[in-house]
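Each chain, written out:
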Amino acid sequence: MDPATAETLAGAVETRPQMPAPLPPDERSAPLRDRILAAVALYPEPRSALIPALRLAQEEYGWLSTEAFEQVADATGFTPALCKSVASFYDMYRLHPAGAHEICVCTNISCALVGAGETLREFSRELGIEPGSTTADGRFTLRTVECYGGCGWGPVVSVDERYHEPFGPDRVRPLLDELRGQPG
Amino acid sequence: MSETGRILLDFDGDRRNIHAYEQAGGYASLRSALGMEAADVVATVDTSGLRGRGGAGFPTGRKASFLPKGRTPAYLCVNADESEPGTFKDREIMLRNPHALIEGILIMSYAMSATSAFIYIRGEYRTEFEVLKRALEEAHSRGYVGRNVLGSGYDATIVLHRGAGAYICGEETALLTSLEGERGQPRSKPPFPAIAGLYAAPTLVNNVETLASVPFIVKMGGEAYAAVGTERSKGTRVFSLSGNVKRPGNYELPLTATLRDLIEGHGGGMPEGRTMKAIIPGGSSTPLLMPDQLDTGLDYESIAAAGSMAGSGAVVVIDDRTCMVQLALRVAEFYRHESCGKCTPCREGTKWGTDVVRRIEDGSARQGEVDLLLNVCDRILGKNLCPLGDAFAMPIASYVTHFREEFQRHIDEGGCPFVEQSPIASLYHDVSGVPA
Ligand SMILES: Cc1cc2nc3c(=O)[nH]c(=O)nc-3n(C[C@H](O)[C@H](O)[C@H](O)COP(=O)(O)O)c2cc1C
Ligand code: SF4
Ligand code: FES
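Quick caveat, the model's predicted, so the values are computed rather than measured.

Residues and elements named next belong to chain B. Taken in spatial order, the four strands line up as 6-5-8-7 in an open sheet, and their pairing is mixed. With partners counted over all chains shown, the strands left at the sheet margins are strand 6 (249-254) and strand 7 (276-280), one partner each. Each neighbouring strand pair of the sheet contributes to a mean axis angle of 25 degrees, computed without reference to strand direction. Bridge count for strand 7 against strand 8 (residues 314-319) is four bridges, and the pairing is antiparallel. Bridge pairing in strand 8 places I280 opposite V316.

A separate point is the site of ligand 1. Residues and elements named next belong to chain B. What surrounds ligand 1 is a group of 17 residues, the closest being G54, N79, N206, N207 and T210. Here K63 contributes a side-chain N or O atom positioned 2.9 Å from an oxygen atom of ligand 1. The separation between an oxygen atom of ligand 1 and a polar side-chain atom of N79 is 2.9 Å. For ligand 1, the protein covers 90% of the area, taking 610 Å² as the surface of the free molecule. Of the residues belonging to the shell around ligand 1, the class tally is three nonpolar, eight polar and six charged.

Lining the immediate environment of ligand 2, one finds 13 residues, of which C340, K342, C343, C346 and C386 of chain B sit closest. Considering only residue class, the shell around ligand 2 consists of eight nonpolar, four polar and one charged.

Across the boundary between the two partners, chain A contributes 62 residues, which contact 80 residues of chain B. For the chain A face of the interface with chain B, the top three residues by lost area are F89, I109 and L113 of chain A, together amounting to 13%. A salt bridge links E14 of chain A to R247 of chain B; the nearest nitrogen and oxygen atoms lie 2.3 Å apart. Listed by contribution, the elements that provide at least two residues to the side of chain A that touches chain B are helix 1 (3-15), helix 3 (50-61), helix 5 (80-87), helix 6 (109-113), helix 7 (116-127) and strand 5 (162-164) of chain A.

We now examine the domain arrangement of chain B. Residues and elements named next belong to chain B. Parsing chain B into structural domains produces domain 1 (18-226), domain 2 (236-319) and domain 3 (324-413). Here the C-alpha centroids of domain 2 and domain 3 sit 23 Å apart. Each partner contributes residues to the interface: domain 2 has 11 residues there, and domain 3 has 12 residues. Taken together, the two surfaces of domain 2 and domain 3 that pack against each other cover about 960 Å², and 71% of this comes from carbon and sulfur. The largest share of the area that domain 2 buries against domain 3 comes from K277, S284 and L288, three residues that together contribute 47% of it. At the junction of domain 2 and domain 3, the tally comes to one salt bridge. Residue E406 is joined to K277 by a salt bridge in which the shortest nitrogen-to-oxygen separation is 2.7 Å. Applying the counting rule to domain 2 against domain 3 returns four residue pairs in polar contact (both at pLDDT 80 or more). Of the residues forming the side of domain 2 that touches domain 3, the biggest block, three residues, is contributed by strand 7.

Moving on, we come to the sheet that holds strand 4 (residues 203-207) of chain B. Residue and element names in this part refer to chain B. Strand order in the open sheet made by the four strands is 3-2-1-4, with parallel pairing throughout. With one partner strand each, in any of the chains shown, strand 3 (158-162) and strand 4 form the two edges of the open sheet. Across the sheet, the mean angle from the axis of one strand to that of its neighbour is 20 degrees, orientation sign disregarded. Alignment of strand 2 (residues 116-121) against strand 3, held across five bridges, turns out to be parallel.

Before going further, it helps to spend a moment on the environment of I380 of chain B. All names here are of chain B. Along the chain, the position of I380 falls in helix 15 (residues 369-380). A residue is classified by how much of its surface remains accessible, and I380, at 1% relative accessible area, is buried. Separated by 27 residues in the primary sequence, I380 and G353 place their C-alpha atoms 9.5 Å from one another. Residues contacting I380, with those up to four places away along its chain left out, are P345, G349, T350, G389, D390, F392 and A393.

Cut-off values and rules
Residues numbered from 1 in each chain as written. Chains lettered and ligands numbered in written order. Predicted model: local features only at pLDDT ≥ 70, side-chain atom pairs only at ≥ 80, totals over all residues. Heavy atoms only, no water. Pairing = 2+ DSSP bridges. Helix = DSSP H or I, 4+ residues; strand = E, 2+ residues; numbered from the N terminus. Axes fitted to C-alpha atoms, helices over the stretch in contact; angles between N-to-C directions. Near = heavy atom within 4 Å. Polar contact = N/O pair within 3.5 Å; in protein donor to acceptor, adjacent residues only side chain to side chain. Areas by Shrake-Rupley, 256 points an atom, 1.4 Å probe, with all protein chains shown as cover. Nonpolar A, V, L, I, M, F, W, Y, C, P; charged D, E, K, R; others polar. Contact = heavy atoms within 4.5 Å. Buried area = accessible area lost by both parts, 1.4 Å probe. Salt bridge = Lys/Arg side-chain N within 4 Å of Asp/Glu carboxyl O. Domains from an automatic or database assignment. Buried < 20%, exposed > 50% of the residue type's maximum accessible area, 1.4 Å probe, protein only.

If you want it as structure tokens, here you go:
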């Protein structure tokens, strides 16, 4: 790594606030339909629950399959076509199945200025795939994303929706080793 | 205000725990506000001179006073969509001082007699969502949120709503459309949200930092807050500093501070062996400032006078290695990706413009395409429903104006002359010099 970049990354480590431990995942004991209806009840008008409902369905199925859209449509009263048109507008909905772990690398300007490209290339090399694709064994999806709101602590990488900052190329291998060691 | 000059984040570590926040005097402002007439709370905010910290810098008290009196329902929407490239301050505020945001929401909700408040937080902020969720539960259990807040008779409902990844949803009318369960496309104004916002009801949209400042204003009094800052830019602002500096991070500074105070004083200046090439002063949608403008004040007026915009308070420092065409390409690609497609000049222009920058960068552009690029920017500028089209055209045009010879060199030499040195090059080229 360029020494100037290394200096910036060291500064970022000092200024980044301590992140709290993640909350345990939500109880999924209730059926999806009931969880969607609970979301609907939070809003003065049910249509506001569509975006939360799509998220719930994606969490249930891993991606928004035809069946997932049917479920959302059933519970919210909208048509599947409308649900799909809304989902396609937003970047976080998966319209195709993804790998067990989703790795996103921010390549917007602040991260790019401190070497996000090198981090991305390192992921590509280690996983043997291009950004935007999934490994043949279905374990990893690698994506580039736009600004994640961690610009001063970049390069920002998120793994399964948790941020890792700053994430230089030297952190790629240890992270993948750790994820590979996990069951699933 | 203490001698640090900070107001909103005047402590080390965090005050996520409600007891820590209460011990530092938290929720006392809510108590005082509930004992005041709603109109007097708005007047206090107005006196403070607080201006929106989301990007447009509109006076907060004035905006609240536009709401028609006594019309129900009415809503407060909190803009926690933070996605202007370079900006990461709302995230730090939510992580370190979430109760200040909640208290600000409660005070503002009371002041405008809101039926309920919605926090629209960008979907990627999962940990921050969890922090707010927990903080709201705590606030609920202490009687600050819910029915009959602290025995005042005022009922406060706050709904946490997660977005799903779309920069445009930070624009206030797009945020409302998205909150109504649709594709997040902006609406034309008027009618302004104050008259017809969420579900066509009177609605106030405010940024996280704006609202989190409100408890401090109530506590200090409007005049004391207005004593900080310049004639027209009051109080402190949390600046997001990123790019090629020694100590990037968020720094809360009074609005009398300069770019030099931020970059050299707090950010430690350039990393060893580097010099400054340019500065983005207010997020990626703002035109460049040059190193000889370092003494520019960080207040809204000074940055405007210097030829740019204070925007979201995100300062990005660019060092001498950087290829400005590659930087322009990244900015162009971003706005092109985020254009919602509603207006022709924005939808078509961001695509055309991006294609031209890409051709210049990869060396396939013909002579004259630098002017073509300026022409495309000119045809986008000021011709759209929302400011996103301008957010493409203004910075791109400024990159060309300040670094025209660099753009031209790419055309003349048939490629990027800086591949071996530019930190952005590895996104576009197989950089041989980079050690594996
Ligand atoms: C394309 C675009 C994106 C925006 N993104 C944000 C954002 O992420 N957060 C924000 O607070 N304001 C954003 N704004 C500004 C909002 O439209 C609005 O002015 C602001 O939320 C009002 O709150 P304030 O007066 O407290 O600043 C954006 C504006 C535009 C045009
Ligand atoms: S200017 Fe662009 S983003 Fe804004 S409404 Fe028009 S097409 Fe959509
Ligand atoms: S530029 Fe990468 S997080 Fe903002």
